[in-house]
Structures are given as structure tokens and as C-alpha cells.
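Coordinates in review
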Amino acid sequence: MTVETPARVSPLAAWQSSLARLPTGVRARELPFLTQLTLRVRPGTTAAEAAEAALGVTLPGPVRAELSGEVTVVWMGPDEWLLVAPDGRRQELLARLRSAIGDEFATVTDVSAQRTTLALEGHLVREVLAQGCAIDLDPRVTPVGACPTTLLAQAPVTLVVRGEAASDVWLLVRSSYASYLATWLVDACTEYRGDTG
């Protein structure tokens, strides 16, 4: 008897065509199945230094993300970071970090199934997000590398600013909220249909 492994279906698989039809000033696409690991470690400890050495980055401070390299490191709390990497990096990253940390006090947990990532780009992104988000996306307040956790249209998200003036952002959203957020995004873009960029 053979057992077939079911194909992975991303939370926004049914939304790809709708997201592709957004106005010129907003490009949206899901980045499905990214590797996502939660690192819990006290800053300044031997374990934190070992994790930094293994990742090749300094763990960012409050409400900041480290965007260089293949692994994006997002501050989630005083002793918590979310590591986001391409699909297929889970086992290698887990092994590398656990080996580096050794017996020191820290945890690395695979949370890849919890969230999906919605990538938004374009000159209208800031205006569209402002319709449902209380965070001030002015670059003087939320520059590149800012990563506030907030509500967007009442859905909890972590917003990672990757481009100037919030022209390139990632929305890290729980899988259970992903369709709701896509519905809101399509609706919020309706008034910009005539925009030619």
C-alpha cells in the first residue's frame, strides 16, 4: 500500500489572480512556505552571541528588522526574534542554531506553519495600508527596517518595511487571517483602479 503525501496548499493560493489584478501602484503576492523560526534568548548572553555568530548578523533591537543576507531577523519582543528564510532552509537553520547554542539557555522553534507572508510593492502601498492601519508609515517614523506588530483592518500582522516610504513591505499574517486580509486589500485598492502609476 502506498501513502501519498498531500500537496502543500498555501493560505492564499485561491487569491493569486485577484492579487495580480490590483492597480498599478500596488503589486501584491504571497511568499508561501517561508521558513520561520522563533528564537528565544536573552540579549547579551553567550547564547545570544552564539546565535548571532551562526546567523552572521547582530540581533536587532526593539521594533527593528535585520534585512541583510538570506535570513531576515525580525524583533518580536525583548527576548524573541522571528527568523524568516526561503522555503527548504528549516532543517539546516535549526541544526546550525541548535549546534551553536549548545547547552546555553535559549530555544529555537519551528513556527513555519503559523503564518504566511504577503509582499506588497509600489508607490500606493503606504496610502492603501493607511486605510486600515493606525501605524504612521511616514519614513521618518517607520524607516526601512522598522517592523511594528499592529492591527491591519483588525487583523494582527507584523509589518516589515523593506523599501523607502513603505514602498516595499512584508505583511506577516497568521494563516487563519490571510484570506480575510486579502479580501480587505482587494477592497481597499478599489478606489485606485484608475491610477496609471
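All of the points below concern the structure found in this document.

What counts as what
- Residues numbered from 1 in each chain as written.
- Predicted model: local features only at pLDDT ≥ 70, side-chain atom pairs only at ≥ 80, totals over all residues.
- Heavy atoms only, no water.
- Buried < 20%, exposed > 50% of the residue type's maximum accessible area, 1.4 Å probe, protein only.
- Helix = DSSP H or I, 4+ residues; strand = E, 2+ residues; numbered from the N terminus.
- Pairing = 2+ DSSP bridges.
- Contact = heavy atoms within 4.5 Å.
- Expected span 1.5 Å × (residues − 1).
- Axes fitted to C-alpha atoms, helices over the stretch in contact; angles between N-to-C directions.

1. Considering the pairing of strand β4 (residues 72–77)
Most of β4 sits out of view: 5 of its 6 residues are buried. Two elements, strand β3 (residues 65–66) and β4, share 2 bridges in a ladder whose sense is antiparallel. Considered in β4, the bridge of E66 is made with V73. Taking the residues that link successive antiparallel strands as the turn, the β3-β4 hairpin has 5 residues, and the phi of G69 there is positive, at about 80°. Here β4 folds back onto strand β5 (residues 80–85), and the loop between the two strands holds 2 residues.

2. Notes on the sheet that holds β4
Ordered by their spatial adjacency, 5 strands build an open sheet running β3-β4-β5-β2-β6, and the pairing between neighbours is antiparallel. Of all the strands in the sheet, just β3 and β6 (107–110) have a single pairing partner and so form its edges. For strand β2 (residues 35–40) and β5, the ladder comprises 6 bridges, and the chain directions are antiparallel. Bridge pairing in β5 links T35 to A85.

3. Some thoughts on the environment of W170
One can find W170 in strand β10 (residues 168–174). Sequence-wise, W170 and P62 are 108 residues apart; in three dimensions their C-alpha atoms are separated by 18 Å. Non-local contacts of W170, meaning those with residues more than four positions away in its chain, are made with L31, T72, V84, T117, L118, A119, T158, L159, V160 and R162.

4. Description of helix α3 (residues 90–101)
Within an α-helix, residues lying three or four positions from one another point in the same direction, as the helix has 3.6 residues per turn. The end-to-end C-alpha distance of α3, which contains 12 residues, comes to 16 Å, matching closely the 16 Å that a straight helix rising 1.5 Å per residue would cover. Of the surrounding secondary structure, the elements contacted by the buried residues of α3 are β2, α2 (46–55), β5 and β6. Just downstream of α3, G102 is the residue with a positive phi angle, here 60°.

5. A few points about the sheet that holds strand β9 (residues 155–161)
A sheet is described by the order of its strands in space; here 5 strands give the open sequence β1-β7-β10-β9-β8, paired in antiparallel fashion. In the strand order of this sheet, the two ends are held by β1 (27–31) and β8 (149–152), each with one partner. The sheet shows a mean angle of 35° between the axes of neighbouring strands, direction not considered. Taken together, the 7 bridges between strand β7 (residues 115–121) and β10 define a ladder with antiparallel strand orientation. Bridging across to β10, L120 finds its partner in V169. The strands touched by helix α5 (residues 175–188) within the sheet are β1, β7, β8, β9 and β10, with β10 carrying the most contacts at an inclination of about 135°.

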